[in-house]
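# Coordinates in review
These are the residues of each chain, in order.
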Amino acid sequence: QSGYVTLDSGFKNTGATKSAITFLDGEKGILKYRGYSIEELAEKSTFLEVAYLLIYGSLPNQAQIDNFQHQISRHTLVHEDMKKFFDGFPSKSHPMGQLASLVCSLSAFYPESLDPHATAEEMDLTMIKLLGKMTTIVSWIYKKSLGHPVIYPQNKLDYVTNFLHMTFGQRTEDVEIDDVVVNAMNKLLILHADHEQNCSTSTVRIVGSSDCNLYASISAGISALWGPLHGGANQAVIEMLEKIKNDGGDVDKWVNKAKDKNDPFRLMGFGHRVYKNFDPRAKIIKKACDEILAKLGISDPVLDIAKKLEEVALNDPYFVDRKLYPNVDFYSGIIYRALGFPTEMFTVLFALGRLPGWIAQWKEMRENNDPIGRPRQIYIGENDRSYVEMSKR
Ligand code: SDX
């Protein structure tokens, strides 16, 4: 190989870009969006305001947030022809596969999004359309999975309430869309909104770096997030906790399985590439679990198993030595479930939350004129072989 290449599998020690959007300190468990702490934003802000903050760089004043909400609410409808795609999916196909396809198909309905030299205003409209249509697409995927009729957006409602109305409205056992549910959803979406150069965000950036359009870049990010080692972990955590519950709740047995190198089982929702003490989001979500379940009058045995699992693992040298702590995915599914979402919708909800972060990062990549992503390799294959005729193989 010509030139000097440093091997860094998984980019564990590689800075891929410069960014002013999100700051993480893995040792101290610090997470900030545009300089504001996640603790303050989760407590005091709304998801739409945080989306504005991530994308435009500052907290909006009243006129700015009103205009942002107004622009988005004018773009919540999806083209009626998109229903053919929804109808084409097998009824039990995974929502993340549907979401990735449906978001990519927006580039077909809005071909102006394909122009890499669009003006800033045109690019802004392309982003606004995606923010508006994502809530409709996500809720329609859910309604289709139930065989229920889809519910159209009510644009006088705010962003999160409109999403919840499209998801849970007119359902046989109606979920009461009250302040508890709306506040819990805002908090969860805020906590998922961005996380610097994680796997799916790096995917969005590298696809966008080829001058590929926003919708296809975000669709690629959705696919990366689907994996159980990344966003798919929130679904895998609940499936794991259910399995432990059904196996008599023997937490020690499963913690030992997770430590056994010959056993592929891992404690889902544990560990993180950057956080080596605690994931600040997990702390907030764990606290919110107790509050929200109490307000909803729900007691979930799976929450008790999660807390017991955390307790055992945090006192086990295997996990302590490897600095493995609960991450954002460990408790989030318990709240989603309490709000009425089925397990297979959890990762789609992660994508809904991460959307403004992906958009902000893609926008920054374009504004900074980052070069096309093209890493090198260390070649370890065969050298200098001559072609062999079929008769001699
Ligand atoms: C997210 O990057 C982000 O910011 C992601 C995210 C975001 O907001 O975008 O925070 C969201 O994806 C959170 C992570 C969700 N994934 C899971 O919960 C899946 C379980 N966790 C792991 O698979 C793992 O911890 C990762 C994928 C999260 C991190 O993997 P790394 O950094 O590559 O670490 P590793 O796999 O090299 O593990 C280091 C050691 C290994 O043991 P040794 O070889 O040193 O003996 O820790 C062990 C691993 O076997 N280990 C685990 C474990 N996680 C790591 N052992 C048991 N259970 C686990 N969960």
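Reading the values: rules and limits
Residues numbered from 1 in each chain as written. Predicted model: local features only at pLDDT ≥ 70, side-chain atom pairs only at ≥ 80, totals over all residues. Heavy atoms only, no water. Helix = DSSP H or I, 4+ residues; strand = E, 2+ residues; numbered from the N terminus. Rg over C-alpha atoms; globule rule 2.2 N^0.38 Å. Buried < 20%, exposed > 50% of the residue type's maximum accessible area, 1.4 Å probe, protein only. Contact = heavy atoms within 4.5 Å. Areas by Shrake-Rupley, 256 points an atom, 1.4 Å probe, with all protein chains shown as cover. Lys, Arg positive; Asp, Glu negative; His and termini not counted. Charge placed at Lys NZ, Arg CZ, Asp CG, Glu CD. Expected span 1.5 Å × (residues − 1). Near = heavy atom within 4 Å. Polar contact = N/O pair within 3.5 Å; in protein donor to acceptor, adjacent residues only side chain to side chain. Nonpolar A, V, L, I, M, F, W, Y, C, P; charged D, E, K, R; others polar. Salt bridge = Lys/Arg side-chain N within 4 Å of Asp/Glu carboxyl O. Phe/Tyr/Trp six-rings, centres within 6.5 Å; stacked < 30°, edge-to-face > 60°. Lys NZ or Arg CZ within 6 Å of the ring centre and 35° of its normal. 1 Å grid on protein atoms, 1.4 Å probe; cavity = no way out; pocket = protein on both sides within 12 Å on 5 of 7 lines; lining within 4 Å. Points joined across faces, edges and corners; volume = space filled by probe spheres on them.

## A short note on the overall build of the chain
- Scanning the chain from terminus to terminus reveals 17 helices and three strands.
- Since a compact globule built from 393 residues should have a radius of gyration of about 21 Å, the 22 Å found for the chain is in line with a globular shape.
- Seen along its three principal axes, the alpha-carbon backbone of the chain occupies a region of about 70 × 55 × 50 Å.
- Residue burial in the chain is summarised as follows: out of 393 residues, 51% are buried.
- Within the chain, residue pairs in contact and separated by at least 24 positions form 76% of the contacts whose partners lie at least 6 positions apart.
- Summing over all exposed atoms, the chain offers an accessible surface of approximately 18,900 Å²; the carbon and sulfur share of this is 53%.
- Of note, the chain has its 45 positive side-chain charges centred 4 Å away from the centre of its 49 negative side-chain charges.

## A few points about helix 2 (residues 47-56)
- Within helix 2, eight of the ten residues are buried, which leaves it mostly tucked inside the rest of the structure.
- Here helix 2 has its buried residues at Phe47, Leu48, Val50, Ala51, Tyr52, Leu53, Leu54 and Ile55.
- Positive backbone phi, approximately 95°, marks Gly57, located one or two places after helix 2.

## Notes on helix 11 (residues 233-246)
- Here helix 11 is 14 residues long and its end C-alpha atoms lie 19 Å apart, about the 20 Å a rise of 1.5 Å per residue gives.
- Among all positions in helix 11, only Ala233, Asn234, Gln235, Ala236, Val237, Ile238, Met240, Leu241 and Ile244 are buried.
- Buried-residue contacts for helix 11 involve helix 12 (251-259), helix 14 (301-314), helix 16 (328-339) and helix 17 (346-367).

## Points about the site of the ligand
- What surrounds the ligand is a group of 25 residues, the closest being His195, Arg266, Gly269, His272 and Arg281.
- Separating an oxygen atom of the ligand from a side-chain N or O atom of Lys12 is a distance of 3.4 Å.
- Separating an oxygen atom of the ligand from a side-chain N or O atom of Lys261 is a distance of 3.0 Å.
- Coverage of the ligand by the protein chains reaches 79% of its 1,100 Å² of free accessible surface.
- Among the residues forming the shell around the ligand, the class breakdown is ten nonpolar, seven polar and eight charged.

## A short note on the pattern of salt bridges
- The full count for this structure, using the stated rule, is 21 salt bridges.
- Put simply, Lys245 and Glu242 hold a salt bridge, and the shortest N to O gap is 3.6 Å. Remark: Glu242 and Lys245 occur in helix 11; sequence separation between them is three residues, near one turn of the helix.
- Judged by its relative accessible area of 32%, Lys245 falls in the partly exposed class.
- Among the salt bridges present, the one from Glu242 reaches Arg337, with a minimum N-O distance of 2.5 Å. Of the two residues, Glu242 is situated in helix 11 and Arg337 in helix 16; the sequence distance between them amounts to 95 residues.
- Given the relative accessible area of 22%, Glu242 is considered partly exposed.

## What to know about the packing of aromatic side chains
- One pass over the full model with this rule turns up 17 aromatic pairs.
- Seen from their ring centres, Trp254 and Phe265 are 5.2 Å apart, and the 70° between their planes marks the pair as edge-to-face. Taken together, the positions of Trp254 in helix 12 and Phe265 in the loop between helix 12 and helix 13 (280-296) put the pair eleven residues apart, joining distant regions of the chain. Accessibility assignment for this pair places Trp254 and Phe265 in one class, buried.
- Look at Phe270 and Phe330: their rings are 5.1 Å apart centre to centre, the planes differ by 85°, and that puts the pair in the edge-to-face class. Of this pair, Phe270 sits in the loop between helix 12 and helix 13 while Phe330 sits in helix 16; the two residues are 60 residues apart in sequence, bridging distant segments of the chain.
- Aromatic ring contacts, followed pair by pair, group Tyr142, Phe163, Phe168, Tyr336, Phe341 and Phe346 into a single cluster.
- The ring of Phe278 carries Lys283 above its face, with NZ or CZ at 4.2 Å from the centroid.
- The ring of Tyr318 carries Arg322 above its face, with NZ or CZ at 3.8 Å from the centroid.

## Some points on the layout of surface pockets
- Considered as a void within the structure, the second largest pocket measures approximately 320 Å³ in volume.
- In terms of lining residues, the second largest pocket is bounded by 19 residues, among which Pro116, Met123, Lys363, Arg366 and Glu367 are the most central.
- Secondary structure elements with two or more residues in the lining of the second largest pocket: helix 6 (120-146) and helix 17.
- The element contributing the most residues to the lining of the second largest pocket is helix 17, with five residues.

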